[in-house]
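# Coordinate analysis (summary)
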Amino acid sequence: MATGKSTPAIEILRYDARYRDQSMEVLQKSFFQQEIVCIGSEVNLTPQAQKDLEQLCLDVADGGVSLIARDTDTDTIVGVSFNVLQTPSSPEDGNYFEQFRDTKCTTDSSRALMQYMITMDAKVNLFERFRVDCLLEIMFLATLPSYAGHGIATRLVEESVQLAEQLKCGQVAPTGGDERSAKVVAKQPQLVSALFTSRISQRVGEKVGFTVINQVPHAEFVYRGQTFSDRTGPEHPFSTLVVKHI
């Protein structure tokens, strides 16, 4: 197990289903417990909501553009970046996150987290603002707590941008076989976007050269009579929508 006294040998890979259980364990031990909006929407206290969001990540992983970080010494997955290719949706169909909220979320908690994502996305139409028809969104980013401080999240974000660049140039293609990836395979992303909810992830975005497009206080989001900031405290007061041109 990695400690603060040693630097683990980390390899960044395209998501592979044989690492499914380990990837879900990263979410369970890190993202669901420590992510600001998971605390704000009480996903951290709601096991079924966590299962809902695991399914979201597995669905997204089928799109073939998600990444995982592997400790090569132990063959352990220690970080994940669940990414999704997004294209403009018609008003009558709704976007992918709206469809998931309405058809696959089984708890108020998971619906609240999805609604946060939908609300943040709706504040700025990136497709119209930047005149693009495809982007790669870094959706859920997490590192095992025992591997914190080794720059793994930064590497996952850097290599997500690199993957988007390769997709744009046609050097690689999405590896998934799902219907969504088949629909967007003919398009190449021209932009990478992310919602960073903590000062930790926001510093990662700064390191990798993302530009802040919007900043929204967590006090704006309410779940069961309390704002997200009521539950999370003042240390991470806002979310940022960030982009990087490729």
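Owing to the predicted nature of the structure, the values given are computational and were not obtained by experimental measurement. (Residues numbered from 1 in each chain as written. Predicted model: local features only at pLDDT ≥ 70, side-chain atom pairs only at ≥ 80, totals over all residues. Heavy atoms only, no water.)

## Overview of the sheet that holds strand β9 (residues 238-245)
Going by this rule: Two strands form a pair only when DSSP identifies at least two bridges running between them. The numbering of helices and of strands both runs from the N terminus, where a helix is a DSSP run of H or I of at least 4 residues and a strand a run of E of at least 2. To get an axis, a line is fitted to the C-alpha atoms, and for a helix only the part in contact is used. The angle between two axes follows their N-to-C directions and goes from 0 to 180 degrees.
Taken in spatial order, the seven strands of this open sheet run β1-β2-β3-β4-β5-β9-β6, and their pairing is mixed. The open sheet is flanked by β1 (10-14) and β6 (211-217), the only strands paired with a single partner. Looking at each pair of strands side by side, their axes are set apart by 20 degrees on average, direction ignored. With eight bridges joining them, strand β3 (residues 76-86) and strand β4 (residues 135-143) adopt antiparallel strand pairing. Note that in β4 the partner of Asn83 across the bridge is Ile138.

## Quick word on the pattern of salt bridges
A side chain with one charge can pair with a side chain of the opposite charge if their charged atoms come near. Rules: We count a salt bridge whenever a side-chain nitrogen from Lys or Arg sits within 4 Å of a carboxyl oxygen from Asp or Glu. Here's how the labels work: a residue is buried when its accessible area is under 20% of the maximum for its type, exposed when over 50%, partly exposed in between, all with a 1.4 Å probe on protein chains only.
For the structure shown, the criterion picks out twelve salt bridges. The salt bridge involving Asp16 is made with Arg18; its shortest N-O contact spans 3.2 Å. Judged by relative accessible area, which is 30%, Asp16 ranks as partly exposed. A relative accessible area of 64% means that Arg18 is categorised as exposed. The closest approach of N and O atoms between Arg111 and Asp108, which form a salt bridge, is 3.0 Å.

Remember that the coordinates give geometry; whether it matters functionally is a separate question.
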